[in-house]
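Analysis of the macromolecular model
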Amino acid sequence: MARTPWSLSGALRGMFAKPTIDESTWEDLEAALIGADFGPTVTEEVIDDLRAKVERYRTTDPKDLQRMLREGIEERLSKFDPTLKLTERPAVVLVVGVNGVGKTTTIGKFAKFVRNFGRTVVVGAADTFRAAAVEQLATWAERAGAEIVRPQHPGQDPASVAFQTVERAKREGIEIVIIDTAGRLQTKAGLMDELGKIRRVIEKQAPIAEVLLVLDATTGQNGLAQADAFLEVAGITGLVLTKLDGSAKGGFVLAVQERTGLPIKLVGQGEAIGDLTGFTPHVFAQNLVG
Ligand SMILES: Nc1nc2c(ncn2[C@@H]2O[C@H](COP(=O)(O)OP(=O)(O)OP(=O)(O)O)[C@@H](O)[C@H]2O)c(=O)[nH]1
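Remember, it's a predicted structure, so these values are computed and weren't measured experimentally.

Some details on the domain arrangement of the protein
As assigned here, the protein comprises domain 1 (9–77) and domain 2 (91–289). Domain 1 and domain 2 are separated by 35 Å when their C-alpha centres are compared. Counting residues at the interface gives 15 residues for domain 1 and 20 residues for domain 2. A combined buried area of about 1,500 Å² lies between domain 1 and domain 2, and 62% of that area is made up of carbon and sulfur atoms. The tally of links between domain 1 and domain 2 comes to 1 salt bridge.

Let's talk about the side chain of Thr25
With respect to the helices and strands, Thr25 occurs in helix 2 (residues 23–35). Residue Thr25 is classed as buried on the basis of its relative accessible area, which comes to 1%.

Comments concerning the nonpolar core
If you look at the biggest cluster of nonpolar residues, it comprises 99 residues, and the most contacted ones within it are Leu29, Phe38, Phe110, Ile178, Ile202 and Leu215. Of the domains in this structure, domain 1 (9–77) and domain 2 (91–289) are the two that each give at least three residues to this core.

Examining helix 2
Under the 1.5 Å per step criterion, the end-to-end length of helix 2 is 19 Å for 13 residues, consistent within 8% with the ideal 18 Å. For helix 2, the full list of buried residues reads Thr25, Trp26, Leu29, Ala32 and Leu33. Projected onto a plane normal to the axis of helix 2, the buried residues spread over an arc of 125° and lie on a single side. Every exposed residue of helix 2 that faces more than 90 degrees away from the buried side is listed here: Glu27, Ala31 and Gly35.

Regarding the environment of Gly155
Among the structural elements, Gly155 can be located in the loop between strand 3 (147–149) and helix 7 (158–172). Excluding its chain neighbours within four sequence positions, the residues that come into contact with Gly155 are Thr128 and Phe129.

The rules behind each value
- Residues numbered from 1 in each chain as written.
- Predicted model: local features only at pLDDT ≥ 70, side-chain atom pairs only at ≥ 80, totals over all residues.
- Heavy atoms only, no water.
- Domains from an automatic or database assignment.
- Contact = heavy atoms within 4.5 Å.
- Buried area = accessible area lost by both parts, 1.4 Å probe.
- Salt bridge = Lys/Arg side-chain N within 4 Å of Asp/Glu carboxyl O.
- Helix = DSSP H or I, 4+ residues; strand = E, 2+ residues; numbered from the N terminus.
- Buried < 20%, exposed > 50% of the residue type's maximum accessible area, 1.4 Å probe, protein only.
- Core = buried A, V, L, I, M, F, W, Y, C linked by side-chain atoms within 4.5 Å.
- Expected span 1.5 Å × (residues − 1).
- Arc of directions from axis to C-beta.

Laid out in structure tokens, this is it:
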């Protein structure tokens, strides 16, 4: 498998090349985990757990340590359920996040992702203040083979666009609804008002299946702070990590789930329409640790 920029294999190479586990092994491991944005708490827990296992199994072989690290990370990642719940018809998905994290691109890729499973899709452009954003979304929708509902005039109430999108899905029997929302909201109260209103008008017609928060993996745990307001008010059901292809912060993937208590459901690793996948802990742990 191709090496990813977030793989630990480079940082751990020296350590696993040694004949036996010694004190410097633990120092190298700690530096590698901190460098990969696992954060101090997770790093300490992972190392304590590994030290205990090394002692219990009386091993001195770095290869065993590598396997135990991989299994330990997989186990922690697997505590969260990455399955998208899209069984309702229509299944309404709200997509939220701060500007620039890759929200529009993600919606385009996600539309394509569900189209690949043979589902019909309509996208709602409820980020109504920027005409350019609506056009960008329309381009992605077309590429994905999805319908789009646009605002009838700039600045139209986002909730009314969301309403019209769900209405159209019901009228035309479209299976999946994806609603784009504005990322540039100044205050938590403003965010709460706008998202609250969008939710209420949607729920008059259909339950909301998923609320996905998009996060940029290159900003890692620092970027998470910007999304705090969404975490507090938006009723998030899952996370989407974008730009993992350009990120050295593989540990963020574990840290973000544990810090938010929310599962990662989708991962973006490139700018092309096919560069979005579901999240599989086993595959991720394998690529991360080697
Ligand atoms: N390498 C890489 N680039 C990505 C990925 N996802 C998005 N991008 C890029 O990130 C930039 C921002 O993406 P947008 O989709 O416009 O982000 P947005 O959050 O909608 O931003 P606004 O439109 O400003 O709200 C674009 O240049 C995308 O091509 C990814 O998974 N990998």
